[in-house]
Amino acid sequence: MTRFLYVLLVIVLFGVLIAIHEFGHFITAKLLGVKVNEFAIGMGPALWTRQRGETLYALRAFPVGGYCAMEGEDEDTGDPRAFSRQKGWKKIIILCAGSFMNFLLGLVIMVILSLGLTQVSVPVITSFMDGFALEGDGGLMVGDRIVSVDGHAVWLYSDALMYLDRNDGVSGIDLVVERDGEKIVLNDFPMTRSIEMEEDGRTTKKFGLTFTQTEQLSLAGRIKYGFLQSVDFVRVVWMSLGDLVTGRVPVSELSGVVGVVDVVSEIGTQTQAQVKSALAGVMDVLSMMALIAVNLAVMNLLPIPALDGGRIFFVLLNGLLYAVARRRIPEKYEGYVHAGAFVVLLALMAVVAFHDVWKIFA
């Protein structure tokens, strides 16, 4: 596959992510008796439409998403089946359903990809690099399985690498390891980084641990591995958000759809070139799209106006206000907040998209 075909594949997959999100809203709205005026796959001019009962089903020209237009979504239209007239628990289920479908899609992708595995690396120490001075009963030993790093649970080999890498290697590290069926706690373990020379001449700083052990996976083990990877993606998203808030990662590193399409398509192209297999490139792209699907699930539930999480926040806030003061925030004012936030989000997306294009051509 050429780079252009990978770009097309990623764009289509983005459309699938958004369409499956809207399908979550659609199917739960239908099941809970909310009137849906239109369910569309794609955006822009309609290529095909069909009226089935009260709902218009449409296939639109641009494969970049879709939408579920519910009656009374932003204001009370007087229809008893309008979204605005539903009980709070129904609204929350409908609003959460889109993110649930995104997470489910990411989970399914990772489980399917994991079915092709026969063995995986495990976070078990197999040796120490020269000069490692903390080996022994009071420290680390060959065969120790890393269970936790700085309070973060280690489920997969990649977890151990990620959380070890995040430690500065100066102020000590909190480790929990499993040794002969017993958990050993090593708080403020004075493990520091040492400079190592790589085969290609590069120098890197490492803690001095070597992990080369693998384990065979049964069918159940492969499914579990795919599930754990999906849950891990949620932790990665939260960690990334925290890094942005704390300044550990600069805002200039933030990418939008354009940047993500460029990076993911490049990953697929490079993988294909390295292993001489288009299938391997597609699998890498699918793995990245699973991460993005989980990313969308988490981001959409943040309590930010215009996002599903913002709408859920207003549902909960109105419930609290009604319980305390028998009053609710007027829908038109809530609508103003969501509309204003939507404009800000569009402006932010435009700025990020411009920055992405600038980075690509620069």
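Treat the numbers as computed from the prediction; the structure is a model and nothing was measured.

S.K.: Please clarify how the environment of Ala61 should be interpreted in this entry.
M.R.: Along the chain, Ala61 turns up in strand S2 (residues 55-70). In the structure, Ala61 is positioned 146 residues away from Phe207 in sequence and 53 Å away in space, judged by C-alpha atoms. Filtering out sequence-adjacent residues up to four positions away, Ala61 remains in contact with Met43, Pro45 and Leu47.

S.K.: What am I meant to see in helix H8 (residues 331-361) here?
M.R.: Structurally, the α-helix is built with 3.6 residues per turn, so residues lying three or four positions apart point the same way. In this model H8 runs 45 Å from its N-terminal to its C-terminal C-alpha over 31 residues, within 8% of the 45 Å that 1.5 Å per residue would give. Considered for burial, the residues of H8 that qualify are Glu334, His338, Ala341, Val352 and Asp356.

S.K.: So what exactly am I meant to see when it comes to the pattern of salt bridges here?
M.R.: Any two side chains of opposite charge can pair, so long as their charged atoms come close to each other. Inspection of every chain in the model, using the stated rule, returns 9 salt bridges. Between Glu54 and Lys30 there is a salt bridge, with the nearest N and O atoms lying 3.9 Å from each other. One end of the pair, Glu54, is in the loop between strand S1 (36-52) and S2; the other, Lys30, is in helix H1 (residues 3-31), and 24 residues separate them in sequence. Residue Asp232 is joined to Arg235 by a salt bridge in which the shortest nitrogen-to-oxygen separation is 2.9 Å. Of this pair, Asp232 and Arg235 both sit in helix H4 (residues 219-246), separated by 3 residues, roughly a single helical turn. For Asp232, a relative accessible area of 6% corresponds to the buried category. Residues joined by salt bridges that share partners form a network here, namely Lys30, Glu54 and Arg81.

Criteria and thresholds
- Residues numbered from 1 in each chain as written.
- Predicted model: local features only at pLDDT ≥ 70, side-chain atom pairs only at ≥ 80, totals over all residues.
- Heavy atoms only, no water.
- Helix = DSSP H or I, 4+ residues; strand = E, 2+ residues; numbered from the N terminus.
- Contact = heavy atoms within 4.5 Å.
- Expected span 1.5 Å × (residues − 1).
- Buried < 20%, exposed > 50% of the residue type's maximum accessible area, 1.4 Å probe, protein only.
- Salt bridge = Lys/Arg side-chain N within 4 Å of Asp/Glu carboxyl O.

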